[in-house]
Amino acid sequence: MSRTTDRILAVALKEWRLNTRFFWEYLASNLFSPVKTAILMYFLYAGFLGQSGLALGMVTAENFHTFVLIGTTCHGVILASVYIFRTRMVMEKWWETVTATLISPVSTIEMIFGFILGSGTLHFVVGVVLFAGVAYFSAIPFSAFALSILTFALLALFAFGLSLIGATLALCWEGKSFLFDYSIQLVSFLSCFYYPIETLPKFLHGFVHLLPTFHAARLIQELYVYGSSTHTVSALTYLSIVSVLMLVLPSLFFERSLKRYGIVGY
Amino acid sequence: MQPALLFNPMKSASPIAIEVSGVSFDYETPIKVPLFKGLRLPFHKVVAQKHNALQGIDLSLRSGRITALLGRNGSGKTTLIKVITGARLPKTGNVKIFGLNPNEVRNRIGLCLGGSLIYHRLTARENLEYFGKLYGVQKLDARIDELGEMLSLTKHLDQLVESFSFGMKVKLALARAMIHSPELLILDEPTLGIDIHLAMQLRSFIRTLPCTILLTTHYMEEADALADDVCIIDKGRVRTYGSKIEVLNRYQVQTIPQVFTKLIDAPPVEANA
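Residues numbered from 1 in each chain as written. Chains lettered and ligands numbered in written order. Predicted model: local features only at pLDDT ≥ 70, side-chain atom pairs only at ≥ 80, totals over all residues. Heavy atoms only, no water.

Bringing the overall build of chain B into the picture now. Secondary structure assignment for chain B yields eight helices and nine strands. Its C-alpha radius of gyration of 20 Å places chain B within 12% of the 19 Å reference for a compact globule of 273 residues. Expressed as lengths along the three principal axes of its C-alpha atoms, the size of chain B is roughly 60 × 60 × 45 Å. In chain B, which comprises 273 residues, the share counted as buried stands at 52%. Looking at chain B as shown, the accessible area adds up to about 13100 Å², and 53% of this sits on carbon and sulfur atoms. Of the side-chain charges in chain B, 33 are positive and 26 negative, and the distance between the mean point of each set is 7 Å. (Helix = DSSP H or I, 4+ residues; strand = E, 2+ residues; numbered from the N terminus. Rg over C-alpha atoms; globule rule 2.2 N^0.38 Å. Buried < 20%, exposed > 50% of the residue type's maximum accessible area, 1.4 Å probe, protein only. Areas by Shrake-Rupley, 256 points an atom, 1.4 Å probe, with all protein chains shown as cover. Lys, Arg positive; Asp, Glu negative; His and termini not counted. Charge placed at Lys NZ, Arg CZ, Asp CG, Glu CD.)

Next comes the structure, spelled out in structure tokens:
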């Protein structure tokens, strides 16, 4: 095994061990949240669509279960991924272990992949299991299921990149990290995880189309509702480019900021 | 000319391990000031006050020796260490370690900051395993056992660090810093807050290590007992540097504390002393 693989696996194993120090707390706070939100959204849609008999964009009384479960799974994993790096780095700041990581021969990209393996794998597996369940009941082709998993993986990579920006802000500009939270709330709102884009006012559509999270969620939802999508190539291309950029640019931002501005608020 | 500049390490036999050239470093100290001046209200704002932690530091530390870096609290010792290890970028100047940038020799440097830089929610073995793998240590299990034995930690290797006493945490932090057998070991106040017996054990242990050591301490007897070379810094500047004997001769005194008192303002005498 190469040194890089060794280091990635070392970070992953460390993450897993830290996460499972309090196993049930970890499981409850991270993995059950998509299901919890899906149940709440289910009641909302069942009440609205059941009584009025209307359709809300692509969402109808027949397919809202699928739509909601896909949306909450995507959003749940996004949120978990977006905050996990930041949460860990803030903890490492208080444990003072972040300096040990900074001076060790591990690169930021290796660290991210280690985090993804150690902390993201379980979330990803839960997502895949939920998708597989929905795919089974929706009877979609295997190719659509495989595409949805690929899109989901790219979405998670994008979220980890975002997380690194959050981690940098929390470490170097702790007093301004609320800006990150607000941005994530805005991105979550505009990504249309739980509702179709048609429910938003027209002037927001331009912003919505800029978000890779929207393209990912829409692609997956269309694959599960219709069995195919006309946006597959464009959405996957856009998502791939942005996900790679979101690994490289925030890594540079993280490394440079920590060395230049230091860790504030010990 | 500053006395520090009289010492030319290039003339000595040992090669240079750390070369610090013109390093300056500023940081901002957050200060709370009242939001409404003159009113005693619980509202405040935090303003940043610029602080020159390091002001043009030039140093060449020799390989294979123990150098004690001495100075008062806030004199810039830890900042200098962070710059040397590459954890912080200097505002001006540069650092070379074994002739290379700190980032290029990360796996040849070990850093121990007291009892920190270890994961409290992992066991001692898991900590050492993690850092050992990051540094690419071969025969890691044997190395962990060896360090456990050297630092009397064998019985505690599978214990969670959160249950460790402070002294045990310091020993583990030292083991962590040494897991990859670094050529340069940087110890920031390694005996601060631990009992005298353990401090003596650690000093004897440090003396036997076959690497270049940069050590900061507030205990002058520690510097006296351990150091081959002494560097005193104050307000971000090097006040003196050289081998212990050279420094003692330079200031015509018998001990390092006397040099310290001569160079740095004497500590305030307590009112009832």
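Having seen the model, we can carry on.
The next point concerns the overall build of chain A. Of regular secondary structure, chain A possesses eleven helices and zero strands. Reading chain A from its N terminus to its C terminus gives the helix and strand order α-α-α-α-α-α-α-α-α-α-α. Its C-alpha atoms give chain A a radius of gyration of 19 Å, within 12% of the compact-globule value 18 Å for 266 residues. Expressed as lengths along the three principal axes of its C-alpha atoms, the size of chain A is roughly 60 × 40 × 35 Å. In chain A, which comprises 266 residues, the proportion classed as buried is 54%. The long-range fraction of contacts in chain A, counting pairs at least 24 apart against all pairs at least 6 apart in sequence, stands at 76%. Roughly 11800 Å² of accessible area belongs to chain A as shown, and the carbon and sulfur atoms make up 71% of that amount. Side chains of chain A give 15 positive and 12 negative charges; the mean places of these two sets differ by 6 Å. (Contact = heavy atoms within 4.5 Å.)

Residues and elements named next belong to chain A. Where nonpolar side chains cluster on the molecular surface, the patch consists of Ile109, Phe113, Ile241, Val244, Leu245, Val248, Leu249 and Leu252 and spans about 670 Å² of accessible area. If you list the elements that add at least two residues to the nonpolar patch, you get helix H6 (108–138) and helix H11 (232–261). Tallying contributions element by element places H11 first for the nonpolar patch, with six residues. (Patch = residues over 30% accessible without salt bridge, like charges linked within 9 Å, V, L, I, M, F, W, Y side chains within 5 Å. Salt bridge = Lys/Arg side-chain N within 4 Å of Asp/Glu carboxyl O.)

What follows concerns the interface of chain A and chain B. The interface of chain A with chain B comprises 29 residues on the first partner and 28 residues on the second. Carbon and sulfur atoms supply 60% of the area that chain A and chain B bury against each other, a total of about 2900 Å² over both sides. By the criterion of area lost to chain B, the three top residues of chain A are Arg17, Ile103 and Lys259 of chain A, representing 25% of everything that side buries. Along the contact surface separating chain A from chain B lie three salt bridges. (Buried area = accessible area lost by both parts, 1.4 Å probe.)

Moving on to the environment of phenylalanine 205 of chain B. Residue and element names in this part refer to chain B. Along the chain, the position of phenylalanine 205 falls in helix H5 (residues 196–207). The buried category is assigned to phenylalanine 205, whose relative accessible area is 10%. Placed 54 residues apart in sequence, phenylalanine 205 and leucine 151 show a C-alpha to C-alpha distance of 8.3 Å. Sequence-distant contacts of phenylalanine 205, that is, excluding residues within four places in its chain, are made with Met150, Leu151, Leu174 and Met178.

Per the counting criterion, the structure on display carries 19 salt bridges over all chains. In this structure, the salt-bridge partner of arginine 17 of chain A is glutamate 126 of chain B, at a minimum N-O distance of 3.4 Å. Residue arginine 17 of chain A is located in helix H1 (residues 3–19), and its partner glutamate 126 of chain B is located in helix H2 (residues 124–134); the two belong to separate chains. Salt-bridge contacts for arginine 86 of chain A lead to aspartate 181 of chain A; the nearest nitrogen and oxygen are separated by 2.6 Å. Of the two residues, arginine 86 of chain A is situated in helix H4 (residues 64–95) and aspartate 181 of chain A in helix H8 (residues 178–190); the sequence distance between them amounts to 95 residues. Here aspartate 181 of chain A falls in the partly exposed class, since its relative accessible area comes to 21%.

Now for the pairing of strand E7 (residues 212–216) of chain B. Residues and elements named next belong to chain B. With five of five residues buried, E7 lies mostly within the body of the structure. Of the two faces of E7, the one carrying Thr212, Leu214 and Thr216 and the one carrying Ile213 and Leu215 are both buried. In terms of strand pairing, strand E3 (residues 66–70) meets E7 through four bridges, oriented parallel. Note that in E7 the partner of threonine 67 across the bridge is leucine 214. Here strand E6 (residues 184–188) runs beside E7; their pairing, made up of five bridges, is parallel. The residue of E7 that forms the bridge with isoleucine 186 is leucine 214. Between the parallel pair E6 and E7, the chain is carried across by H5, and the sense of this crossover is right-handed. (Pairing = 2+ DSSP bridges. Right-handed = clockwise from strand over helix to strand, strands pointing away.)

With that settled, the discussion passes to the sheet that holds E3 of chain B. Residues and elements named next belong to chain B. The mixed open sheet is built from six strands, whose spatial order is E5-E6-E7-E3-E8-E9. A strand with exactly one partner marks an edge of an open sheet, and here the two such strands are strand E5 (109–113) and strand E9 (237–243). Mean inter-strand twist for the sheet, computed between neighbouring axes without regard to direction, equals 15°. Pairing geometry for strand E8 (residues 229–234) and E9, over six bridges, is antiparallel. The partner of isoleucine 233 across the bridge, within E9, is valine 238. (Axes fitted to C-alpha atoms, helices over the stretch in contact; angles between N-to-C directions.)

Attention shifts here to the sheet that holds strand E2 (residues 44–62) of chain B. Residues and elements named next belong to chain B. The strand order across the open sheet built from three strands is E2-E1-E4, with neighbouring strands paired in antiparallel fashion. Unpaired on one side and paired on the other, E2 and strand E4 (92–97) mark the two borders of the sheet. Direction aside, neighbouring strands of the sheet carry axes that sit 30° apart on average. Two strands pair when backbone bridges link them, and strand E1 (residues 16–34) and E4 are joined in this way by five bridges, in the antiparallel orientation. In the strand pairing of E4, glutamate 19 is matched with lysine 96.

We now examine the pairing of E3 of chain B. All names here are of chain B. Burial within E3 is extensive, with five of its five residues counted as buried. Neither face of E3 is left uncovered, since the one carrying Ile66, Ala68 and Leu70 and the one carrying Thr67 and Leu69 both have all their residues buried. Here E3 pairs with E8 via four bridges, running parallel. The residue bridging threonine 67 from the neighbouring strand is aspartate 229, located in E8.

Residue-level pLDDT values for chain A average 88, and 97% of them are 70 or greater. Ranking the helices and strands of chain A by mean pLDDT puts helix H9 (residues 205–210) of chain A first, with 95, and helix H2 (residues 23–31) of chain A last, with 78. (pLDDT = per-residue confidence, 0-100.)

Given a rise of 1.5 Å per residue, 13 residues ought to cover 18 Å, and the 18 Å separating the end C-alpha atoms of helix H4 (residues 166–178) of chain B matches this to within 8%. For H4 of chain B, the tally of buried residues reaches twelve of 13 residues, placing the bulk of the element in the interior. For H4 of chain B, the full list of buried residues reads Gly167, Met168, Lys169, Val170, Lys171, Leu172, Ala173, Leu174, Ala175, Arg176, Ala177 and Met178 of chain B. Here the buried face of H4 of chain B lies against helix H5 (98–103) of chain A together with E5, H2, helix H3 (140–150), E6 and H5 of chain B. (Expected span 1.5 Å × (residues − 1).)

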